Amino acid sequence: MPEVKRLLPEHVRLSQKEHADLRTATVLLEAARGFFNEHLASNGRRNETDRNAFWAGLAALIPPDIFASRRGRAAMRILHLPYRTIKKAEAVRQEVEQKGGWTQMKAKPRSNRIDLELINEWWHTEAASNEDNQNKEAIRVYHDGGAAAGSEEAAAQVRYDTHWRRYQLGTNKEALKEFHKSPQYAQLCRETATDNRPNGVQVGRKLLVKGRCPCIKVRRASECDCTICTFVILNLPLWHRARKLWLRASEAGCECEVCSSPLCELYWSCT
């Protein structure tokens, strides 16, 4: 009703706008509360993207003097966030105003984080792999520039190296035995030794494979230089598993020289 609105006094129209703005501000705060407590909620460490979104959004809401003006507790109640979070948001806002812009936040590495560089270095030795001359392939390998570099500019750069394909010697189980004999493993144990872990980290197959460079490939049967070796490596484990079933299924057992030898009896008693 435009006619009625024109007849309303100025202070009444201003009061209506203020009331609408107040309701909208309440809706915005409720949306912010849901954004922080639902969409960006975390029981552990947030990833880098969520972390920057969380603190940038919260710093936009929190004034740099929220506690000096005695409004910190009210902000905690409205946003349903603890004191420590609001206090840090105040410090982040102060830092943004001092620097004149937002600085990308990066998480500090965990204290129990294991550097896989030594494991990666061992995989390129002759004890773990050889150059795959039969299957020549240049493989692009990603490296995190921030690990070795000292500046933020270098850390922000994405570095790629080109490695020539290598093939893994033996299985992962055999590779683990060789790694435990290597100087890289001894150095890793020394570097990761703590009061609670005096012998350092104990590398298993899972961690060893995690530290393997993408250029190290396990050859398939069609890629091996020697077909005899491929036949033996692929079929010997299958033969061992089948042999156990044959011996268990046979009441009389097997009387061949292999199965009747003392060494074979010792082997089957230990399996």
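Please refer to the structure placed before this passage.
Residues numbered from 1 in each chain as written. Predicted model: local features only at pLDDT ≥ 70, side-chain atom pairs only at ≥ 80, totals over all residues. Heavy atoms only, no water.

What to know about helix α4 (residues 72-79)
Every α-helix carries 3.6 residues per turn, so stepping three or four residues along brings you back to the same face.
Move 1: All of the buried residues in α4 are Gly72, Ala75, Met76 and Leu79. End-on view of α4: buried residues confined to an arc of 100°, all on one side of the axis. Exposed and oriented more than 90 degrees from the buried face of α4 are Arg73 and Arg77.
Move 2: Positive backbone phi, approximately 55°, marks His80, located one or two places after α4. (Buried < 20%, exposed > 50% of the residue type's maximum accessible area, 1.4 Å probe, protein only. Helix = DSSP H or I, 4+ residues; strand = E, 2+ residues; numbered from the N terminus. Arc of directions from axis to C-beta.)

Things to note about the nonpolar core
Move 1: With 20 residues, the main nonpolar core has Ile119, Trp122, Trp123, Phe179, Leu188, Val203 and Leu208 as its most contacted residues.
Move 2: Breaking this core down by element, the ones donating at least two residues are α6 (117-123), β2 (138-144), α9 (172-180), α10 (183-191) and α11 (205-210).
Move 3: For this core, the leading source of residues is α6, giving 4 residues.
Move 4: Discounting residues that sit within four places of it in the chain, Ile119 has contacts with Phe179, Leu188, Val203, Leu207, Leu208 and Gly211.
Move 5: Formed by 15 residues, the second largest nonpolar core is a distinct cluster that contains Phe36, Leu40, Trp55 and Ile62. (Core = buried A, V, L, I, M, F, W, Y, C linked by side-chain atoms within 4.5 Å. Contact = heavy atoms within 4.5 Å.)

Description of the sheet that holds strand β4 (residues 166-168)
Move 1: Spatially, β1-β4-β5 is the arrangement adopted by the 3 strands of the open sheet, whose pairing is mixed. The sheet terminates laterally at β1 (129-131) and β5 (216-217), the two strands that pair on one side only.
Move 2: Pairing analysis gives 2 bridges linking β4 to β5, with the strands arranged parallel. Each residue of the ladder has a partner; that of Tyr167, found in β5, is Lys217. (Pairing = 2+ DSSP bridges.)

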